[in-house]
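For reference, the chains in residue letters:
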Amino acid sequence: MKQIYPCIWMDNEAEEAANFYVSVFPNSKIIRTEKYLTDTPSNKPIGSVLTVEFELDGNKFMILNGGTFFKVSEAVSFVIPCKDQKEMDYYYDKLSADPSAEICGWLKDKFGVSWQLNPQFLIDTMDSSDEDKKKRVFAALLEMKRLNVAELEAAANAS
C-alpha cells in the first residue's frame, strides 16, 4: 500500500514553509517542487510554485499554494514525540511563533500550523494501568502552557 500523507493548504507560503520545516527537523529533505502549468481558479501565475513535497524525519508532507479559499486551522495538528525536556525545548524554540497560543503542549508556528509536543514520559504514563497516576499527570498537564516533564513526573509521584 502506498503511504498516506497530509497536504497543507496555504496561500503563497509553500516553498518558504517547506524549507523552514526541513531546517527544523532532522533527517529531512525537499522531495519535489511542482509549478503551475496553466491558469486555475486560484489565479496563481503560471510558473509559480504549486506544491512542495518534503520529508520530515522520514514522514512525507505536501504543501499546496492554493490561494485564499481555505485557511490553516487548529482542527488539524501534528504530534511530535519527544524523548525528553531538552528535545521539547528545541521544538518550542524553533516552532512556536505565538506564546499565547501555547497550551498543554500545543503550539502554533509562523504559518499557523499547529503542533503537539508529546514527551515520552507522558506517553509511558498514559500507557500505564495506574489510573490514579494518569489522573494526576493529566490534571497537571491541563494547568501547563509549555509542558514541563519534571512537573509531570512530580505529579506522577505525588501521593
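Our structure's up above, just so we're on the same page.
Residues numbered from 1 in each chain as written. Predicted model: local features only at pLDDT ≥ 70, side-chain atom pairs only at ≥ 80, totals over all residues. Heavy atoms only, no water.

### A few points about the sheet that holds strand β7 (residues 114-119)
Point 1. The 3 strands are arranged β5-β7-β6 in an open sheet whose pairing can be described as mixed. A single partner strand is all that each edge strand has here, and the edge strands are β5 (77-82) and β6 (106-108). Taking each pair of neighbouring strands and ignoring which way they run, the sheet shows an average axis angle of 30°.
Point 2. Examined bridge by bridge, β5 and β7 share 6 bridges and lie parallel to one another. (Pairing = 2+ DSSP bridges. Helix = DSSP H or I, 4+ residues; strand = E, 2+ residues; numbered from the N terminus. Axes fitted to C-alpha atoms, helices over the stretch in contact; angles between N-to-C directions.)

### A short note on helix α3 (residues 120-127)
Point 1. Every buried residue of α3 is listed here: F121, L122 and T125. Angular distribution of buried residues about the axis of α3 spans 95°; they occupy a single face of the element. (Buried < 20%, exposed > 50% of the residue type's maximum accessible area, 1.4 Å probe, protein only. Arc of directions from axis to C-beta.)

### Here we look at the sheet that holds strand β2 (residues 29-35)
Point 1. The strand order across the open sheet built from 4 strands is β1-β4-β3-β2, with neighbouring strands paired in mixed fashion. Here the strands that pair on one side only, and so sit at the sheet edges, are β1 (7-10) and β2. Across this sheet, the average inter-strand angle for adjacent strands is 20°, counted without regard to direction.
Point 2. Pairing between β1 and strand β4 (residues 59-65): 4 bridges, direction parallel. Directly across from W9, in β4, lies its bridge partner L64.

### Details of the packing of aromatic side chains
Point 1. Tallying each qualifying case throughout the model produces 13 aromatic pairs.
Point 2. Aromatic pair Y21 and F111: ring centres 5.9 Å apart, planes at 70°, arrangement edge-to-face. Here F111 lies in the loop between β6 and β7 and Y21 lies in helix α1 (residues 14-24), a separation of 90 residues in the sequence.
Point 3. Accessibility expressed as a relative area gives 13% for F111, which makes it buried.
Point 4. Plain terms: the ring middles of Y21 and W115 are 5.5 Å apart, the flat faces sit at 65° to each other, and that makes the pair edge-to-face. Here Y21, found in helix α1, pairs with W115, found in strand β7; they are 94 residues apart in sequence, far enough to count as distant.
Point 5. The exposure class of W115 is buried, given its relative accessible area of 3%.
Point 6. Cluster of aromatic residues (ring-pair linked, three or more members): F20, Y21, F25, F54, F61, F78, Y90, Y91, F111 and W115.
Point 7. A cation over a ring is seen here: K110 above F20, with NZ or CZ 4.4 Å from the ring centre. (Phe/Tyr/Trp six-rings, centres within 6.5 Å; stacked < 30°, edge-to-face > 60°. Lys NZ or Arg CZ within 6 Å of the ring centre and 35° of its normal.)

### Describing the pattern of salt bridges
Point 1. Applying the stated rule across the entire model yields 8 salt bridges.
Point 2. Ionic pairing is found between R32 and E53, a salt bridge with its closest N-O pair at 3.2 Å. Taken together, the positions of R32 in strand β2 and E53 in strand β3 (residues 49-56) put the pair 21 residues apart, joining distant regions of the chain.
Point 3. Under the relative-accessibility criterion, R32 is labelled partly exposed at 37%. (Salt bridge = Lys/Arg side-chain N within 4 Å of Asp/Glu carboxyl O.)

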